[in-house]
Amino acid sequence: QVQLVESGGGLVQAGGSLRLSCAASGRTISGYSMGWFRQAPEKERQFVARIDWSGSITNYAESVKGRFTISRDNAKNTVYLQMNSLKPEETAVYYCAADVRGERGRYRTSTWGQGTQVTVSS
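The text that follows walks through the structure, step by step, so that each part is easy to find. Since we're looking at a predicted model, the values are computed, not measured. (Residues numbered from 1 in each chain as written. Predicted model: local features only at pLDDT ≥ 70, side-chain atom pairs only at ≥ 80, totals over all residues. Heavy atoms only, no water.)

### Overview of the layout of surface pockets
Line of reasoning, step 1. Of the volumes computed, that of the largest pocket is approximately 220 Å³.
Line of reasoning, step 2. Lining the largest pocket are F37, R45, Q46, F47, G105, R106, Y107, R108, T109 and W112.
Line of reasoning, step 3. Elements supplying a minimum of two residues to the lining of the largest pocket: strand 5 (46–51) and strand 11 (106–108).
Line of reasoning, step 4. Looking at the lining of the largest pocket, its residues break down into 4 nonpolar, 3 polar and 3 charged. (1 Å grid on protein atoms, 1.4 Å probe; cavity = no way out; pocket = protein on both sides within 12 Å on 5 of 7 lines; lining within 4 Å. Points joined across faces, edges and corners; volume = space filled by probe spheres on them. Helix = DSSP H or I, 4+ residues; strand = E, 2+ residues; numbered from the N terminus. Nonpolar A, V, L, I, M, F, W, Y, C, P; charged D, E, K, R; others polar.)

This is the structure:
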């Protein structure tokens, strides 16, 4: 089994930046796709970004393209999400995920971390 622990969340002003980290343990994440999802209050959890096993292919929700960057360091067993130009509506709990798969136009996973809170103030 793999355990995922997110960090780097916090309070940031609109237009600011944060970098989230996801540290995996229990097994290596090398060879597996990884991703990030977020869930705002009273909203369903939604896809944010995905990166393939090699780091060569990335996918983003349309709303974050050009502002967010997902990356990974397999040697450190860690995944990152760089978030720039943050907006108040992006306040949410951000979750790291392992083995993220695209199905029927949506991205799904069954392996989650506990999440880290990101609050963007206006």
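### Remarks on the pairing of strand 7 (residues 68–73)
Line of reasoning, step 1. Of the two faces of strand 7, the one lined by F68, I70 and R72 is fully buried and the one lined by T69, S71 and D73 carries no buried residue.
Line of reasoning, step 2. The sheet contact formed by strand 7 and strand 8 (residues 78–83) spans 6 bridges and is antiparallel. Paired with I70 across the bridge in strand 8 is L81. (Buried < 20%, exposed > 50% of the residue type's maximum accessible area, 1.4 Å probe, protein only. Pairing = 2+ DSSP bridges.)

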